[in-house]
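An overview of the molecular structure
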Amino acid sequence: MNAADEILDIVDEHDRVVDRRPRGEAYARGLRHRCVFVQARDAAGRLFVHRRTATKLVFPSLYDMFVGGVVGAGESYDDAALREAEEELGVRGLPRPAYLFKFLYDDGAGHGWWSAVYEVRCELPVRPQAEEVQWHAFLPEEEVERRLGTWEWVPDGLAAYQRLRAFRAGGDRPVGSAG
């Protein structure tokens, strides 16, 4: 199936399902939907960082410090987090990602999505999807911090990363449950 044809739940400002639409239409019309962001670390605690392929529907060729994606219609955030992490990392048997918090991302241009943030430890050898990931590496967090000002990052992932830092510092409280 073409990614643009995937059916998504359309949600309101309280993350309640109000409709279902194809992904391409949801993106084109700026309809609020659901996404998951999974921070993956290897056994040494390094972050999985990747550059998206040029063929991605959203944010092509940009860097990201999360794996993840949209939550399909009728799918839970938790199930989407595991599915997306295994797909993008190219692994099977990953532990279930741990839910951390949820926030409403707004790009300031009329596009927004509910974003559930997770973390997972991946001690398996990764084989990222070639159609999703152009480049990847596990980097120490200090290296990721150094690259924040020099690499072009996906804006929603950058927002999630900043909120995750605040959450870990005790300054950001979770919104609701993953559901």
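Residues numbered from 1 in each chain as written. Predicted model: local features only at pLDDT ≥ 70, side-chain atom pairs only at ≥ 80, totals over all residues. Heavy atoms only, no water.

For the protein, the helix and strand inventory stands at 4 helices and 9 strands. Computed over C-alpha atoms, the radius of gyration of the protein comes to 15 Å, within 12% of the 16 Å expected from 2.2 N^0.38 for 179 residues, which places it in the range of a compact globule. Along the three orthogonal principal directions, the C-alpha set of the protein runs to about 40 × 40 × 35 Å. Scored against the burial criterion, the 179 residues of the protein give a buried share of 50%. Once local pairs closer than 6 in sequence are excluded, the contacts in the protein between residues at least 24 apart make up 63%. Split by element, the accessible area of the protein, about 8,500 Å² in all, is 49% carbon and sulfur. A gap of 2 Å separates the mean positions of the 24 positive and 30 negative side-chain charges of the protein. (Helix = DSSP H or I, 4+ residues; strand = E, 2+ residues; numbered from the N terminus. Rg over C-alpha atoms; globule rule 2.2 N^0.38 Å. Buried < 20%, exposed > 50% of the residue type's maximum accessible area, 1.4 Å probe, protein only. Contact = heavy atoms within 4.5 Å. Areas by Shrake-Rupley, 256 points an atom, 1.4 Å probe, with all protein chains shown as cover. Lys, Arg positive; Asp, Glu negative; His and termini not counted. Charge placed at Lys NZ, Arg CZ, Asp CG, Glu CD.)

In this section: the environment of Glu 6. Position of Glu 6 relative to the elements: it lies in the segment before strand 1 (7-11). On the basis of relative accessible area, Glu 6 is assigned to the buried category, the value being 16%. Separated by 71 residues in the primary sequence, Glu 6 and Tyr 77 have C-alpha atoms spaced 16 Å apart. Within polar-contact distance, the side chain of Glu 6 engages the side chain of Arg 23 at 2.6 Å. (Polar contact = N/O pair within 3.5 Å; in protein donor to acceptor, adjacent residues only side chain to side chain.)

Evaluation of the coordinates by the stated rule reveals 21 salt bridges. In this structure, the salt-bridge partner of Arg 46 is Asp 42, at a minimum N-O distance of 2.5 Å. Judged by relative accessible area, Asp 42 falls into the buried class, the value being 7%. Between Lys 56 and Glu 132 there is a salt bridge, and its shortest N-O distance comes to 2.5 Å. (Salt bridge = Lys/Arg side-chain N within 4 Å of Asp/Glu carboxyl O.)

Right, let's get into the side chain of Glu 88. Structurally, Glu 88 can be placed in helix 2 (residues 77-89). Within the local environment of Glu 88, its side chain forms a polar contact with the backbone nitrogen of Gly 68, the two atoms lying 3.5 Å apart. If we skip the residues at most four places from it in the chain, Glu 88 touches His 50, Val 67, Gly 68, Pro 128, Gln 129, Glu 132 and Val 133.

On to helix 4 (residues 155-168). Its 14 residues give helix 4 an end-to-end C-alpha distance of 20 Å, which sits within 8% of 20 Å, the value for a rise of 1.5 Å per residue. Taken together, the buried positions of helix 4 are Asp 156, Gly 157, Ala 159, Ala 160, Tyr 161, Leu 164 and Phe 167. Packing partners of the buried residues in helix 4 comprise strand 3 (33-41), strand 4 (47-52), strand 5 (63-64), strand 7 (98-106), strand 8 (112-121) and helix 3 (141-147). Of the residues one or two after helix 4, Gly 170 is the one with positive phi, at around 90°. (Expected span 1.5 Å × (residues − 1).)

Here we take up the side chain of Glu 75. Along the chain, Glu 75 falls in the loop between strand 6 (67-70) and helix 2. A polar side-chain atom of Glu 75 sits 2.8 Å from the main-chain amide nitrogen of Gly 72. Of note is the side chain of Glu 75, whose polar atom sits 2.7 Å from the side chain of Arg 83. Not counting chain neighbours up to four residues away, the residues in contact with Glu 75 comprise Val 70, Ala 80 and Arg 83.

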